[in-house]
Amino acid sequence: MSDTAEQGGERAAERAGETSAEGVGETSAQGTGETSAQGTGETSAQVRRKRRTAAYRGARRVLSRPGFRATIRERLALLEDASRLYDVDESVDIYGDGIVEALEERVAGLLGKEAAAFFPTGTMAQQVALRCWAGRTGNPTVALHALSHPEVHERNALGTVGGLRPVRVTDEPRLPTADEVRDFEEPFGALMLELPLRDAGFVLPSWAELSEVVEAARERDAVVHFDGARLWECTPHFGRPLDEIAGLADSVYVSFYKSLNGISGAALAGPRTLVDEAKAWRHRYGGMVVHQFPAVLSALAGLEEELPRLPEYVAHARVVAAALREGFAAAGVPWLRVHPEEPHTHEFQVWLPYDPEVVEDAATRQAEETGTFLFANPWSRGGPGLAVTEVSVRAHGLQWTADDVRAAVQEFVTRLPDAAG
């Protein structure tokens, strides 16, 4: 599910109070050919986004309130009690020392790696990691999925900026298989795997499948890098701790502002020699920010408060997904799909047989009229007369019972054209 804002890097649309890093933002399909709203100079997509944002902020009940949708006041409040996380009487960080180093050490420990480096963005972290691996392997070819973040959302940065050559192992809506990696028709120096694969529905392979894919890459003398922006919530699906999952890969990138609700930032973890080189490239890429303590403090807060709760979110997402299916079936909607049927993480897709503008309007009206925003993320076009959105279940979603979800579906369906007719 592509997004015009996402293609500028970290999937950002912060100016609208939302970012599709968590499955929100306007899709290119919605933004194409849109006419200006009368008297405003805005496209209808921009008007819908503003209306949706206002409805979200006014809603009493939502399944998720991610940090990137918060107000400035709410983000500042996150840091008000920072003394519980770190000695705030210590001098501020200067170009990556102090509190930044403390976060790097903690992340390396969590992921079972020798070292880690903090980066202002995950896009930068991954470009640097793959560039460093190309120098070590002598092969600039990176094998990845056609739906992976660099291919969909980074404006061909691997080739344009890093001099790398991405090749697509598969475009199927799942992770590559061991046979696809083993039988790929040309050599590659690195295999990049996005866990979970967000644009395919936040999907994951089984632990056995993942292990076999990694082994297939090793057989080809390739290194393995995990795009683990959302690796934090993969532990329930794999039934393994973070360090064991990360241990399959030579290097791992993780994000702090997605699942962990941080302000911004990412980390690259791996062998110390790789991380040392990555820090040199971080400087060259413009990532040596003089002060980073607000982002780092919020990352520490995420590790302390959100990370332990992610398994609970994943478990409840499965309750919500089942209730959505039951609610739509009871309401007589002719066709729908919750994908994956049992979510692999706390996020998943919902598909409905309507144009995206129709279902988005119904969802927004439900929020405006009832205070319940069942589908707070935008809808994009999945095909003719087919709309898809992403659902995320976090702390606020834990308050919803299965009955609550089914009742909200009934209310939502009454606002669809067929029901109104």
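Just so it is clear, the structure is predicted and the values come from calculations on it, not from any experiment. (Residues numbered from 1 in each chain as written. Predicted model: local features only at pLDDT ≥ 70, side-chain atom pairs only at ≥ 80, totals over all residues. Heavy atoms only, no water.)

## Some words on the packing of helix α14 (residues 310-331) against helix α16 (residues 402-413)
Thought 1: Two elements in contact, α14 and α16, have axes whose closest approach is 8 Å; the angle formed by their N-to-C orientations is 40°. By the angle between their axes, α14 is oblique relative to α16. As α14 packs across α16, the resulting crossing turns out to be right-handed. Contacts between α14 and α16 pair Val319, Val320, Ala323, Leu324, Glu326, Gly327, Phe328, Ala330 and Ala331 from the former with Ala402, Val405, Arg406, Val409, Gln410, Phe412 and Val413 from the latter. (Axes fitted to C-alpha atoms, helices over the stretch in contact; angles between N-to-C directions. Helix = DSSP H or I, 4+ residues; strand = E, 2+ residues; numbered from the N terminus. Parallel < 35°, antiparallel > 145°, perpendicular 65-115°, else oblique. Left-handed = near helix turned anticlockwise from the far one by under 90°. Contact = heavy atoms within 4.5 Å.)

## Considerations on the pattern of salt bridges
Thought 1: Tallied over the entire structure, the rule returns 29 salt bridges.
Thought 2: Taking the shortest distance from any N to any O, the salt bridge between Asp361 and Arg51 comes out at 2.8 Å. Of the two residues, Asp361 sits in helix α15 (residues 356-370) while Arg51 sits in helix α2 (residues 44-58), which places them 310 residues apart along the sequence.
Thought 3: Judged by its relative accessible area of 28%, Asp361 is partly exposed.
Thought 4: The exposure class of Arg51 is partly exposed, given its relative accessible area of 30%.
Thought 5: Residues Glu104 and Arg282 are paired through a salt bridge, measuring 3.6 Å at the closest nitrogen-oxygen approach. Of this pair, Glu104 sits in helix α4 (residues 99-111) while Arg282 sits in helix α12 (residues 272-284), and the two are 178 residues apart along the sequence.
Thought 6: Judged by its relative accessible area of 5%, Arg282 is buried.
Thought 7: In the salt-bridge network here, residues are joined through shared partners; they are Arg51, Asp361, Arg365 and Glu368. (Salt bridge = Lys/Arg side-chain N within 4 Å of Asp/Glu carboxyl O. Buried < 20%, exposed > 50% of the residue type's maximum accessible area, 1.4 Å probe, protein only.)

## Comments concerning a nonpolar patch on the surface
Thought 1: Residues Val92, Ile94, Tyr95, Val289, Val290 and Phe293 make up a contiguous nonpolar surface patch of roughly 460 Å² in combined accessible area.
Thought 2: Mapped onto the secondary structure, Val92 falls in the loop between α3 (72-77) and α4.
Thought 3: Classification of Val92 as partly exposed rests on a relative accessible area of 42%. (Patch = residues over 30% accessible without salt bridge, like charges linked within 9 Å, V, L, I, M, F, W, Y side chains within 5 Å. Areas by Shrake-Rupley, 256 points an atom, 1.4 Å probe, with all protein chains shown as cover.)

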